[in-house]
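The chain contents come next:
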Amino acid sequence: YWENYYRAVEEQVRAQGGVLHPRKYTEYSRVVLALTGIGADPRQVAGYDLLRPLGDYDRTVWQGLNGPIWALLALDSGGYPVPEVPEAATQATRQLYVDYLLARQRPDGGWSLLDGGDRSDPDVTAMALQALAPYRDRPETAAAVARGLACLSARQDGDGGYAAWGENSLESVAQVVVALCALGVPLDDPRFVKNGRTVLDRLLDFRQQDGGFRHTAAGSGSAQMASEQGLCALAAALRAAEGWPGLYTMTDAPGLPFPDVDGPDREAVLALAARGVFTGRGDGTFDGDAPMTRAELAAATVRALDLSPEAEGPFRDVDGGRWYAGYVNAAARHGLVLGVGQDRFDPDGPVTRQEAAVVAVRGARLLGLDPAPDSAAGPAVPAPFAGGDPPPPWAVPALAYCCQEGLWDPAGPALRSADPISRREAALLLYRLLERAARL
């Protein structure tokens, strides 16, 4: 499914010369969200950068609130830097988009697509809050978010839902669920419980027997847009409740990603994919036998540890415009990676098993584990890495810890520590690390 979607996007982008729409820049934002969701790079699609239009502030906000809302959601979906567009009348920044939203908050605390009047729309308010969620550490944004939440609480009806345009709609309910999850507000927060019913309870009222959702409370039959938004909200709720990984550990679940993943590592790879730790290739495969690159390991480890991408970093060969830049910068800041010398990281180079073991040990410390091998006399070279060229002294303690804790099978096949680690091996290493830390 992902491969077919990506191919269709490529064909349309190529046919239209990279122009998805001459004025509606939400077309770019939504495609960026979809491509990021399937692990594809929206900056390299049939030779075009689909993120670049969002660097033009005036063209992006031409649509009104929808423009900056979806631009922020798209940019933050992959921690992307705002593209530089020299020909733009106004170069966009995240702060400009945030300021646009803050300046248009209504007196009741919400937002509306329509000009004039004091009453806001619950669905647009919820979308604005989703876009502002990553910026609520700033006082003015935090105040706006608090007012927006108060507005949504006041607008919630006695059934736990929301009415927009005169009727109770699935879309409004779904957007509020996603907004609360994005802000870390529990769905059973007393502010959002009316007559014993939460907004999630109301969401589930719209379910249909075929697994989809209907548009309105009075309607019947599943609708495509309602089903998309309902399932998105349900996924957000499950992830917020830490139930998300279980969706991908069911061996009989239809529609699982990565058709090339099978065998004993299946649960590990799919569970990590469900958490967003690993993404696949553009063709929808996991490509588990391919060597793991240094950038890929840094990104996967940062995601596994729930660390935030960083805008700045110490490595001169990490281009801020590349998908991995924020993750590599975060890995460096938290001491997970040190580079290869001379302020270089070598992001596209393969990472060895011994280097991956060292990263895992550093991650173990951040997770609150004690990564010291249990040996008073000092660690010995563990069995899987004995024979042939011995590991360098700096790698032996990390390899010993990984085998001692079962991150690598101590009785497994012979491995050369200086050989590249595969994507499959790296997934197993991180999965078992999260298991030891009770993070799964």
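None of these values were measured; they are calculated from a predicted model.

**Q** Please clarify how the overall build of the chain should be interpreted in this entry.
**A** In terms of regular secondary structure, the chain is built from 16 helices and four strands. Its C-alpha radius of gyration of 24 Å places the chain within 12% of the 22 Å reference for a compact globule of 440 residues. If one aligns the C-alpha atoms of the chain with their principal axes, the spans along those axes are about 75 × 55 × 45 Å. Across the 440 residues in the chain, those meeting the buried criterion constitute 50%. Taking as baseline every contact in the chain between residues at least 6 positions apart, the subset at least 24 positions apart corresponds to 66%. Of the accessible surface of the chain, which amounts to about 20,100 Å², a share of 51% is contributed by carbon and sulfur atoms. Separation of charge centres in the chain, based on 41 positive and 56 negative side chains, amounts to 2 Å.

**Q** Got a minute to help me understand the nonpolar core in this structure?
**A** For soluble globular proteins, nonpolar side chains are generally found buried alongside one another. Counting residues in each nonpolar core, the largest one holds 69 residues, and the members touching the most others are I69 and L101. No other element matches the nine residues that helix α8 (residues 170–182) contributes to this core. Residues within four places of L101 in sequence aside, it is in contact with L65, P68, I69, L72, W111, A128, A131 and L132.

**Q** What's the story with the packing of aromatic side chains in this structure? I'm lost.
**A** Per the stated rule, a full pass over the model turns up six aromatic pairs. With centroids separated by 5.4 Å and ring planes inclined at 80°, the aromatic side chains of F385 and W408 adopt a geometry described as edge-to-face. Linking F385 in the loop between α14 (353–366) and α15 (396–404) with W408 in the loop between α15 and α16 (423–436), this pair joins segments that are 23 residues apart in sequence. By relative accessible area, which is 8% here, W408 ends up buried. For R423, the ring lying beneath its charged end belongs to F286, and the centroid distance is 4.7 Å.

**Q** It is not clear to me how helix α2 (residues 26–37) should be interpreted in this structure. Could you clarify?
**A** Every α-helical turn comprises 3.6 residues, leaving residues that sit three or four positions apart pointing alike. Taking 1.5 Å per residue, 12 residues should reach 16 Å; α2 reaches 16 Å between its end C-alpha atoms and fits that length. Taken residue by residue, α2 has T26, Y28, S29, V31, V32, L35 and T36 as its buried positions. Two residues or fewer after α2 comes G39, characterised by a positive phi angle close to 85°.

**Q** What is the right way to read unusual backbone geometry from this model?
**A** Not every positive phi belongs to a glycine, and D287 is a case in point at roughly 60°. Here D287 is to be found in the loop between α11 (266–274) and α12 (294–304). Exposure remark for D287: the relative accessible area of 30% places this residue in the partly exposed category. Notably, A438 is not glycine yet its phi reads approximately 55°, a positive angle. With respect to the helices and strands, A438 occurs in the segment after α16.

**Q** What is the right way to read the side chain of T36 from this model?
**A** Within the fold, T36 resides in helix α2. A residue is classified by how much of its surface remains accessible, and T36, at 16% relative accessible area, is buried. Polar side-chain contacts of T36 include one of 2.6 Å to the side chain of Y80. The contacts of T36, once residues within four sequence positions are left out, are P42, S77, G78 and Y80.

**Q** Any chance you could explain helix α13 (residues 325–333) here in plain terms?
**A** The element α13 is extensively covered by neighbouring structure, given that eight of its nine residues are classed as buried. The inward-facing, buried residues of α13 abut α12. Where α13 ends, the next residue or the one after it, G335, has phi of about 75°, a positive value.

**Q** Help me understand the packing of α8 against helix α10 (residues 224–240) in this model?
**A** How two helices pack is summed up by the angle between their axes together with the distance between the axes. The N-to-C vectors of α8 and α10 enclose an angle of 25°; their axes lie 9 Å apart at closest approach. By the angle between their directions, the pair α8 and α10 is classed as roughly parallel. Handedness of the α8/α10 crossing: left-handed. Here L170, E171, A174, Q175, V177, V178 and C181 of α8 come into contact with α10, specifically with M225, A226, Q229, G230, C232, A233, A236, A237 and A240. Looking at side-chain class alone, the contact of α8 with α10 contains 12 nonpolar, three polar and one charged residues.

**Q** Is there a simple way to think about the environment of M292 in this case?
**A** By secondary structure assignment, the location of M292 is in the loop between α11 and α12. Along the sequence, M292 and G160 sit 132 residues apart, while their C-alpha atoms lie 47 Å from each other.

**Q** Looking at this structure, I do not really get the packing of α14 against α16. What am I missing?
**A** For the pair α14 and α16, the least separation of the axes is 11 Å and the interaxial angle reads 20°. When the axes of α14 and α16 are compared, the pair comes out roughly parallel. In this structure, the crossing between α14 and α16 has a hand that is right-handed. On α16, the residues that touch R353, A356, A357, A360, G363 and A364 of α14 are E425, L429 and L433. Across the contact of α14 with α16, the residue classes tally to six nonpolar, one polar and two charged.

Scoring rules and cut-offs
- Residues numbered from 1 in each chain as written.
- Predicted model: local features only at pLDDT ≥ 70, side-chain atom pairs only at ≥ 80, totals over all residues.
- Heavy atoms only, no water.
- Helix = DSSP H or I, 4+ residues; strand = E, 2+ residues; numbered from the N terminus.
- Rg over C-alpha atoms; globule rule 2.2 N^0.38 Å.
- Buried < 20%, exposed > 50% of the residue type's maximum accessible area, 1.4 Å probe, protein only.
- Contact = heavy atoms within 4.5 Å.
- Areas by Shrake-Rupley, 256 points an atom, 1.4 Å probe, with all protein chains shown as cover.
- Lys, Arg positive; Asp, Glu negative; His and termini not counted.
- Charge placed at Lys NZ, Arg CZ, Asp CG, Glu CD.
- Core = buried A, V, L, I, M, F, W, Y, C linked by side-chain atoms within 4.5 Å.
- Phe/Tyr/Trp six-rings, centres within 6.5 Å; stacked < 30°, edge-to-face > 60°.
- Lys NZ or Arg CZ within 6 Å of the ring centre and 35° of its normal.
- Expected span 1.5 Å × (residues − 1).
- Polar contact = N/O pair within 3.5 Å; in protein donor to acceptor, adjacent residues only side chain to side chain.
- Axes fitted to C-alpha atoms, helices over the stretch in contact; angles between N-to-C directions.
- Parallel < 35°, antiparallel > 145°, perpendicular 65-115°, else oblique.
- Left-handed = near helix turned anticlockwise from the far one by under 90°.
- Nonpolar A, V, L, I, M, F, W, Y, C, P; charged D, E, K, R; others polar.

Honestly, that's just the spatial picture; any functional story needs more than this.
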